[in-house]
Amino acid sequence: MAFKNLSRNLILLLLFHTVGLFSQSIDVQQKGASLKLDKNPDSEPRNIIFILTDDHRYDALSFLNKDSFVQTPNLDELANDGAYLPNAFVTTSLCSPSRASILTGLYAHKHKVIDNQHPVSKDLVFYSQYLQEAGYQTAMIGKWHIGGNFDDPQRGFDYWVSFKGQGSYYPNKNGLNVNGKHVPQKGYITDELTDYALEFLQNRHKNQPFMLYLSHKGVHSNFIPAKRHKNMFSGKKFTPPFTMDSSNLEGAPIWVQNQRNSWHGVDFPYHSDLDIEEYYQNYMETLYGVDENVGRIMDYLKQKGLYKSTLIIYMGDNGFQFGEHGLIDKRTAYEASMKVPMIAHCPDIIKPKTRVEEVVANIDIAPTFLEAAGLEPPGYMDGKSFLPLLKGNEITWRKNLLYEYYWERNFPQTPTIHALRGDRYKYIHYYGIWDSDELYDLKNDPLESENLINERKLKDTIQHLNNKMFEILEETGGMYIPLYPDSGRQHNLRNKSRSPSAKFPDYLLKEDSEKDNN
């Protein structure tokens, strides 16, 4: 009798979630879990090198001239001779979810890797498995860090070098896992991973195409540069971002103001007295070592006559905040968190100084590599191949990108976030908190300093973005909140002597005689 008394809408909602949950496995693989993809008869399989760095900010490239002491000469060369993608983003700004999206072409709500703690479903298919089936030699060298603290070889890779969790810049007791065998780490991790990458390239079967996934630990915190680079930027001045000063923010949500005094805030960073300026210098010194080793890969390709024909894509797994909105690290839907550097190089098909303005994302990497291999990407993937854009072709492309982040008990400062990022406006929608949503005019306010969510003249725009966001979530099976058992410790402290708790926003405070006009 109780079931009969439920409202029609609630019954439909229950049915929707039931169907959605049971259909997840269908949505993340081909029928029968087949690894065979249709081939494009007009395309030859191309060698692929994917270089992924950790926490590399979108603007930390010397050719962008953001800071005088940012030095990335090899990445500058790749961009100058190839394509720079200034509007590259991740759909979840967190290590494991972003990497899972890269490998699968799926949103986090679809592959369900929503934090750094829990294991990956066996139903997921990595793009490397399709490449293996098509005759590629595949290698994964470096940081895996998807769903737990392990280093075991994963499906889809013929050659494997990795480490547990975040690994270590210098040797520790865990060492490395090389093709299932544990060996000691010998030196600085960025150098050593590149050594293994060059070993794979040198010893590969020359009659097969190859895909090398080189996944650096750098530049993940805590930033430790190679000894040869230590103090190379000492004394250089860090310019605090405009929105680091809370007086420059208008309409910031309560949670953003409160996070300022937390593990991920500038007033109590990592529950310490961390010097942000020194931290930034260490970051740039560590990044210089990554760039130096990108140059070693480039030199090898040039020597072997592969530089023009090999598709190289370089990107960061997520952005990194150095004080924007009073925050550090990532997770948020602000530009410094979700925007990443991306460069593509392949002179055979990409003209020098190409600039791709369209919004591309981590979910687009897998279908792009599959198309570069002469394969038709599977239809269940959420991403699309941007290879035609790199070639300078005009194609129909997305106008909005969905962003999502799911609250972690380990880091409770940041709420569940869904956002829609368009060319002009960014709409940020929060779940499970009593607070303000956000709207930013990216054209007139690229630093996201003035929250326009209460602008009456933008009411229709906000409603349109809200409708579009939920439309994408419904189309991709995202109308649910994933939930996993607790795992790991909490970082939930505040400092008594630092910034106080935020006040409740004035627009939500009413007098007894006032009516609710919302």
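Keep in mind that this is a model prediction, so the values were computed, not measured.

**A look at the nonpolar core**
Now for step 1: One finds Ile49, Ile141, Leu212, Met284 and Phe322 to be the most contacted residues of the largest nonpolar core, which totals 59 residues.
Now for step 2: Excluding residues within four positions of it along the chain, Phe322 makes contact with Arg57, Phe223, Phe238, Pro241, Met244, Ile276, Tyr279, Tyr280, Tyr283 and Leu327.
Now for step 3: Formed by 53 residues, the second largest nonpolar core is a distinct cluster that contains Ile313, Ala366, Leu389 and Leu390.

**Here's the deal with the packing of helix α3 (residues 73–81) against helix α9 (residues 276–303)**
Now for step 1: Interhelical geometry of α3 versus α9 gives an angle of 50° and a closest axis separation of 7 Å. Relative to α9, the element α3 lies oblique. Touching Pro73, Asn74, Leu75, Glu77 and Leu78 of α3 are Tyr288, Asp291, Glu292, Val294, Gly295, Met298 and Lys302, all from α9.
Now for step 2: When the residues that make up the contact of α3 with α9 are grouped by side-chain class, the tally is 6 nonpolar, 2 polar and 4 charged.

**Points about the sheet that holds strand β9 (residues 311–316)**
Now for step 1: Here we have 10 strands laid out as an open sheet, ordered β7-β6-β5-β4-β8-β1-β9-β13-β2-β14, and mixed in their pairing. With partners counted over all chains shown, the strands left at the sheet margins are β7 (181–183) and β14 (354–355), one partner each.
Now for step 2: Strand direction decides the pairing type here: strand β1 (residues 48–53) and strand β8 (residues 210–215), joined by 5 bridges, are parallel. In the sheet register, Ile51 faces β8, and the bridge partner there is Leu214.

**Thoughts on the pattern of salt bridges**
Now for step 1: Throughout the structure, instances matching the rule amount to 28 salt bridges.
Now for step 2: Residue Arg57 pairs with Glu324 through a salt bridge whose shortest N-O separation is 3.0 Å. Pair noted here: Arg57 is in the loop between β1 and α3 and Glu324 is in the loop between β10 (321–322) and β11 (328–329), with a separation of 267 residues, a long-range link. In terms of burial, Arg57 and Glu324 fall into one category: buried.
Now for step 3: Measuring nitrogen to oxygen at the nearest pair gives 3.0 Å for the salt bridge that ties Lys66 to Asp67.
Now for step 4: A relative accessible area of 37% means that Lys66 is categorised as partly exposed.
Now for step 5: Via salt bridges that share partners, Asp55, Asp329, Lys330, Arg331 and Glu408 belong to a single interconnected network.

Reading guide: rules and limits
- Residues numbered from 1 in each chain as written.
- Predicted model: local features only at pLDDT ≥ 70, side-chain atom pairs only at ≥ 80, totals over all residues.
- Heavy atoms only, no water.
- Core = buried A, V, L, I, M, F, W, Y, C linked by side-chain atoms within 4.5 Å.
- Buried < 20%, exposed > 50% of the residue type's maximum accessible area, 1.4 Å probe, protein only.
- Contact = heavy atoms within 4.5 Å.
- Axes fitted to C-alpha atoms, helices over the stretch in contact; angles between N-to-C directions.
- Helix = DSSP H or I, 4+ residues; strand = E, 2+ residues; numbered from the N terminus.
- Parallel < 35°, antiparallel > 145°, perpendicular 65-115°, else oblique.
- Nonpolar A, V, L, I, M, F, W, Y, C, P; charged D, E, K, R; others polar.
- Pairing = 2+ DSSP bridges.
- Salt bridge = Lys/Arg side-chain N within 4 Å of Asp/Glu carboxyl O.

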